[in-house]
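# A structural walkthrough
So the chains spell out like this:
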Amino acid sequence: MAAAATMAAAARELVLRAGTSDIEEEEGPLAGGAGLQESLQLGELDITSDEFILDEVDVHIQANLEDELVKEALKTGVDLRHYSKQVELELQQIEQKSIRDYIQESENIASLHNQITACDAVLERMEQMLGAFQSDLSSISSEIRTLQEQSGAMNIRLRNRQAVRGKLGELVDGLVVPSALVTAILEAPVTEPRFLEQLQELDAKAAAVREQEARGTAACADVRGVLDRLRVKAVMKIREFILQKIYSFRKPMTNYQIPQTALLKYRFFYQFLLGNERATAKEIRDEYVETLSKIYLSYYRSYLGRLMKVQYEEVAEKDDLMGVEDTAKKGFFSKPSLRSRNTIFTLGTRGSVISPTELEAPILVPHTAQRGEQRYPFEALFRSQHYALLDNSCREYLFICEFFVVSGPAAHDLFHAVMGRTLSMTLKHLESYLADCYDAIAVFLCIHIVLRFRNIAAKRDVPALDRYWEQVLALLWPRFELILEMNVQSVRSTDPQRLGGLDTRPHYITRRYAEFSSALVSINQTIPNERTMQLLGQLQVEVENFVLRVAAEFSSRKEQLVFLINNYDMMLGVLMERAADDSKEVESFQQLLNARTQMESLSVSHTGVQRYDLGSLQPLPPRLSDSPASASE
């Protein structure tokens, strides 16, 4: 801004000097411009500077000559010198006026110059301050990065120290033996809750010390002696307590299940022994096995002996078979001479023993039954005996698994160490009884009792009795098949001519078969067995043959048909009472009855048809005549 003002002043001075030189030649009085110039005191002005290029003057002159106004002046003959002087005068006046204006505003210009100078100084200081601030920011940024690095390192050290503190705290807590633990182990009775709590703490510390010793921790040596003495004291107190509980089982008339259940509250005692003193744990386990095996054996031997005293006195013998001749029989409604005939071939209410309510009913109490003079069939005694065995075995197996901390094969072996002698004694007793048993219904009911008890044991998650159930079934099934085959053979070998007087009413052998077959079929429907159906099929064939052989003994064809129809109808009626309508036995006898009924209706008017159909009955002769002689053949 100051430079522009200086250049303008220099231009004006140049013009002024050019005009002054011309005026001095023609008009002397105007030479006073130098004094005016000196009075202005404009300072040193350099008009010879290279900034003024004289070549441009020619350009301006040429441009002025081409101006229209200049051309017009030249054409009209205007004196250019005079006109130039006039213009110069006007310019001078204007310049003087302009100078006076500048002089009047000189103070403002000086003030503006000072203000601009002050602003430059302020800006310079601000520039210096911003530079310093920028350098400070750079140093602060580097300091922040340094602090961040230091903070990260401190965080890592803090985490490491916290981890070390946690590990060290766990180690110290695991090794330090508090006074409460020592007092409880040494002074508190084993039945108090605080003894159990501190025993668990002692077990945890012993395990921690063993683990740290394996890692080579030297501090374990400081507490090893204290822990060993406490462990020995705890083992002594636990051993004495558990052995006293086991010995209490041996007291006469003691319900061993009560102290056995009480032992479950202290099952951690045995776990402590198992982890810290295996020899003592084995001693306790062996003592328990020896004591309980004797108790169970004595109990079941006594119970079996007393239970068999309330069995029916009259039981089936080897001669009480289906085909045995009833020579004392006088009529259909007369009482058979065979003992307990109703309980041998008739099911009656005996089937209720496998009903859900009776199956898990309370066991029989022999002395109560003897006082009431009550008697029971073998299957009821068998159910009571094996339900007691099932209930006690399940309880014993679950106790062994929970108290002795075993499972799988180990639990199975320990269970049989306790119950093995009892189970063997029971099997021997059953084998001895079955050797003289000829009651097929009782044996078959026992089979189904075992099948149901096996399912109950499976629901209770007690697999330890599976082998025993298989052994019992291995005794019952062959005996049942043998008795059934004996009855089949007895029917096959029966001679109709030795049966005495015959009539057309249902025969007692067919009634026995009907009752017997319906009983087995109704029992077998609950849990079907194909082998049973095969044996019953063999018996049915022999009974049908027997009926045909007896029918052949009648002299009249009508009597033969009446006898067949009566027997088939009786057997069908009995079977339909218990067996399902779609069973093989019911369908078979229904077909036979329909065939014989049709034959009787045809025989009324068609003798030839009757002869033809009767001839088809086997093993009857192929042809029968109307004469008694031919019928007897």
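Rules used throughout
Residues numbered from 1 in each chain as written. Predicted model: local features only at pLDDT ≥ 70, side-chain atom pairs only at ≥ 80, totals over all residues. Heavy atoms only, no water. Helix = DSSP H or I, 4+ residues; strand = E, 2+ residues; numbered from the N terminus. Contact = heavy atoms within 4.5 Å. Areas by Shrake-Rupley, 256 points an atom, 1.4 Å probe, with all protein chains shown as cover. Polar contact = N/O pair within 3.5 Å; in protein donor to acceptor, adjacent residues only side chain to side chain. Core = buried A, V, L, I, M, F, W, Y, C linked by side-chain atoms within 4.5 Å. Buried < 20%, exposed > 50% of the residue type's maximum accessible area, 1.4 Å probe, protein only. Phe/Tyr/Trp six-rings, centres within 6.5 Å; stacked < 30°, edge-to-face > 60°. Lys NZ or Arg CZ within 6 Å of the ring centre and 35° of its normal.

## With respect to the overall build of the chain
Across its full length, the chain holds 25 helices and zero strands. By sequence separation, contacts in the chain at least 24 residues apart represent 78% of the contacts at least 6 residues apart. In the form shown here, the chain has an accessible surface area of approximately 36,200 Å², with 54% of it arising from carbon and sulfur atoms.

## Some points on the environment of Arg454
Locating Arg454 in the fold gives a position in helix α18 (residues 440-459). For the pair formed by Arg454 and Tyr468, sequence separation is 14 residues and the distance between their alpha carbons is 9.6 Å. Filtering out sequence-adjacent residues up to four positions away, Arg454 remains in contact with Trp469, Glu470 and Leu473. Among the polar contacts made by the side chain of Arg454, one reaches the side chain of Glu470 at a distance of 2.7 Å.

## Remarks on the nonpolar core
Nonpolar side chains tend toward joint burial in soluble globular proteins. Grouped together as the largest cluster of nonpolar side chains are 127 residues, with contacts concentrated most on Leu476 and Phe480. Looking at which element gives the most residues to this core, the answer is α18, with 13 residues. Not counting the four nearest positions on each side in its chain, Phe480 is found in contact with Ala440, Val443, Phe444, Ile447, Leu520, Thr532 and Leu535. Judged by nonpolar contacts, the second largest core, of eight residues, contains Tyr303, Ala369, Ala380 and Leu381.

## Regarding the environment of Ala388
Among the secondary structure elements, Ala388 is positioned in helix α16 (residues 378-403). Each C-alpha atom, one on Ala388 and one on Ile363, is 6.6 Å from the other, the two residues being 25 residues apart in sequence. When residues no more than four places from it in sequence are discounted, the contact partners of Ala388 are Tyr300 and Ile363.

## Here we look at the packing of aromatic side chains
Considering all chains together, one arrives at 25 aromatic pairs under this definition. Ring geometry for Phe378 against Tyr433: centres 3.9 Å apart, planes inclined by 10°, an arrangement best described as stacked. Taken together, the residues span a long stretch of sequence, with Phe378 in helix α16 and Tyr433 in helix α17 (residues 409-434) at a distance of 55 residues. In this structure, Phe378 and Tyr433 share a single accessibility class: buried. Here a set of aromatic residues connected by ring pairs shows up, and it is made of Phe249, Tyr270, Tyr288, Phe399, Phe403 and Phe404. Arg479 extends its terminal NZ or CZ atom over the ring of Tyr438, reaching a point 4.9 Å from the ring centre.

## Points about the side chain of His448
Locating His448 in the fold gives a position in helix α18. Residue His448 is classed as buried on the basis of its relative accessible area of 1%. Not counting the four nearest positions on each side in its chain, His448 is found in contact with Ile354, Ile523, Asn524, Thr526 and Ile527.

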